[in-house]
Amino acid sequence: MAPDKVYEIEPVTRLEGHGGLRLVLGEDGKTVKDVQFNITTTRFFEKLCEGRYAEHVPRITNRICGICPIPHHLAATKSVEAAWGVEIPEAAYKLRQLFMNAKQYSSHLLHFFALAAPDFIYGPFAPPAKRNVVNIIKDMPEVGAMALKMMDFGQNLCAAIGGKSVGPIAGIVGGMRNPLQSAIRDATLAQVPEQLEFVKKTVDIAKKVVADYWDVIANVAATETYYCGMGKDVNGKIVHDIYDGDIIFVSPEGKKHIYKPADYLEAIGERVVDHNYATHTYFKPAGYPDGIYRTNSLAMLNAVDEMSTPLAEAARKEMYQKICGADCGVVHNTFAYHWARIIETVEAFENIVTLLKDPQILSTDIKTLDVKPKEGRGVGMVDAPRGNLIYDMATDADGICRKLNIIVATNHNIAGIEKSVKHAAQQIFEQDALSKLKLPDPWVK
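Quick summary incoming for the structure in this document.

Conventions adopted
Residues numbered from 1 in each chain as written. Predicted model: local features only at pLDDT ≥ 70, side-chain atom pairs only at ≥ 80, totals over all residues. Heavy atoms only, no water. Phe/Tyr/Trp six-rings, centres within 6.5 Å; stacked < 30°, edge-to-face > 60°. Helix = DSSP H or I, 4+ residues; strand = E, 2+ residues; numbered from the N terminus. Buried < 20%, exposed > 50% of the residue type's maximum accessible area, 1.4 Å probe, protein only. Lys NZ or Arg CZ within 6 Å of the ring centre and 35° of its normal. Core = buried A, V, L, I, M, F, W, Y, C linked by side-chain atoms within 4.5 Å. Contact = heavy atoms within 4.5 Å. Pairing = 2+ DSSP bridges. Axes fitted to C-alpha atoms, helices over the stretch in contact; angles between N-to-C directions. Disulfide = S-S within 2.5 Å. Expected span 1.5 Å × (residues − 1). Salt bridge = Lys/Arg side-chain N within 4 Å of Asp/Glu carboxyl O.

**A word on the packing of aromatic side chains**
- Considering all chains together, one arrives at twelve aromatic pairs under this definition.
- When the ring of Y226 is compared with that of F283, the centres are 5.2 Å apart and the planes differ by 40°; the resulting orientation is tilted. Pair noted here: Y226 is in strand β6 (residues 226–234) and F283 is in strand β11 (residues 280–283), with a separation of 57 residues, a long-range link. A single burial state applies to Y226 and to F283, both of which are buried.
- Centroid distance F249 to Y293: 4.9 Å. Interplanar angle 90°. Geometry classified as edge-to-face. With F249 in strand β8 (residues 246–250) and Y293 in strand β12 (residues 293–294), this pair connects stretches of sequence that are 44 residues apart. Judged on exposure class, the residue F249 and its partner Y293 are both buried.
- Above the plane of the ring of Y243 lies K78, whose end atom (NZ or CZ) is 4.2 Å from the centre.
- Against the face of W214 rests K322, its NZ or CZ located 4.6 Å from the ring centre.

Okay, here's the thing in structure tokens:
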């Protein structure tokens, strides 16, 4: 009897943190027996925060991730505010929204141009040494320069609000530390016309990717799962919002289940598996593994009824019409995550422009003075660039963090990643899907 054939990739590149992929085929070399996505390290931030002043936690946990320090910073801050019953001024709310959308814009563009585009531009079977952003900058200098300017636009705005773009110190319990300066607002608005042209060109590139790789998008790893997103009720509709809103779970058939952030434990279960330091989360009413779900951009679009801005909403409708018809409600095509990410990028840009033009964005009334530590429990939630982010903090009467639970996008996505990769592997090895796919010629050879 021939032994199982094992493929292992460790570390998996193009992601933040450390992970390994393990694929096990049967003795025939075709039957897929197992797929594991292994998170091989743990960071202990929850324990590191116990016994510290609650106000210090947002300045500690913003080091968890170099891609999404701002969502960690603000989710932690929101959890303390929820525990202590603190309301923030409207101007601080808008400044936080600007902060989040600037990060969304920069991070999504980084993902599209640096992490995803090399595979599409050079083709998925080009040598790995060829498929990277350095070669894109060399072979397509205009596109590379545009991508860098767009990311720079978002990161500079993050730094202006946050004190620094990585490891921000802007959020305080009760609001924001410093107001936005008018000179920075004006200088950023002056770049908007150029950025708008860049956004349009990026959308054109994304549409070409969709058209060229439509056979892959439509047929590979279209994996049915639940989805976890967030959105805000506006006049009876669930509207896309990455800073504020409820948790929305969507069934594979499109039924939506809505929970307040404080009630997340009614919706989310955590399962410990032998091959992972990270827990596998699942939709608790459906159980495990039936309740495996995914988060991130496509999940967000599946969760909401509409985007918050007009251009993004038109793009969302176009995507759903193309993939499954206007009224399908839920898209399962894994490769459509790239398309959804660009739609969120468009929305982030529209929100940035609207917020920068709002006179209140320069207000100095951005701090609530009535902040008193007390015993309590609070849940803070935002949507990070890789998916839903939840902070659940308990404090004592002196304002000391006594218990902290953090559920990050890795937890939400890991079981769904394994399921979609297994589906794709079965198509490739058991059904010989690669020989049947129509792949375009590489843009650059």
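Once you've had a look at it, read on.
**Focus: the nonpolar core**
- Within the largest apolar cluster, 112 residues are counted, with the highest numbers of intra-cluster contacts made by L98, Y105, F113, F249 and M319.
- Of all the elements, helix α4 (residues 90–122) adds the most residues to this core, at 14 residues.
- Sequence-distant contacts of L98, defined by excluding residues within four places in its chain, comprise L157, I161, L180, I352, L355, L356 and I361.
- Of all hydrophobic cores here, the second largest spans nine residues; its members include V209, Y213, A221 and L437.

**Here we look at the sheet that holds strand β14 (residues 387–395)**
- With antiparallel pairing, three strands are arranged side by side in an open sheet as β13-β14-β15. Where the open sheet ends on each side, the last strands, each with one partner, are β13 (376–384) and β15 (401–407). Strand-to-strand twist across the sheet, computed as the mean angle between neighbouring axes with direction ignored, equals 15°.

**What about unusual backbone geometry?**
- Looking along the chain, the bond that leaves E10 and enters P11 is cis, with omega of 0°.
- Relative to the assigned elements, P11 resides in the loop between β1 (5–9) and β2 (19–25).
- Across the junction of Y288 and P289, the peptide omega takes the value 10°, indicating a cis bond.
- On the secondary structure map, P289 appears in the loop between β11 and β12.
- Phi at N296 is positive, roughly 90°, even though this residue is not glycine.
- Tracing the chain through its elements places N296 in the loop between β12 and α11 (297–303).
- A positive phi angle, near 55°, is found at D432, a position not held by glycine.

**Digging into the state of the cysteines**
- Counted under the stated rule, the structure contains one disulfide.
- What pairs with C324 in a disulfide is C328, and their sulfur atoms sit 1.8 Å apart.
- Overall, the relative accessible area of 22% leaves C328 in the partly exposed class.
- Free cysteine C401: the closest other cysteine sulfur is in C49, separated by 5.9 Å.

**A closer look at helix α6 (residues 141–162)**
- The end-to-end C-alpha distance of α6, which contains 22 residues, comes to 31 Å, matching closely the 32 Å that a straight helix rising 1.5 Å per residue would cover.
- Looking only at α6, the buried set comprises V143, G144, M146, A147, M150, M151, F153, G154, L157, C158, I161 and G162.
- Immediately beyond the C-terminal end of α6, within one or two residues, lies G163, with a positive phi of roughly 90°.

**Focus on the pattern of salt bridges**
- For the structure on display, the rule yields 21 salt bridges.
- The partner of E318 in a salt bridge is K207, and the shortest N-O contact between them spans 3.5 Å. One end of the pair, E318, is in helix α12 (residues 310–324); the other, K207, is in helix α8 (residues 192–212), with 111 residues separating them in the sequence.
- For E318, a relative accessible area of 37% translates into the label partly exposed.
- The exposure class of K207 is partly exposed, given its relative accessible area of 39%.
- Linking R316 and E313 is a salt bridge whose minimum nitrogen-to-oxygen distance equals 2.9 Å. With a gap of three residues between them, R316 and E313 both fall in helix α12, about one helical turn apart. Like E313, R316 is buried.
- One salt-bridge network, held together by shared partners, links E90, K94 and D358.

**Focus: the side chain of S251**
- Tracing the chain through its elements places S251 in the loop between β8 and β9 (256–259).
- For S251, a relative accessible area of 4% translates into the label buried.
- With sequence-adjacent residues up to four places away left out, S251 is seen in contact with T225, Y226 and V330.

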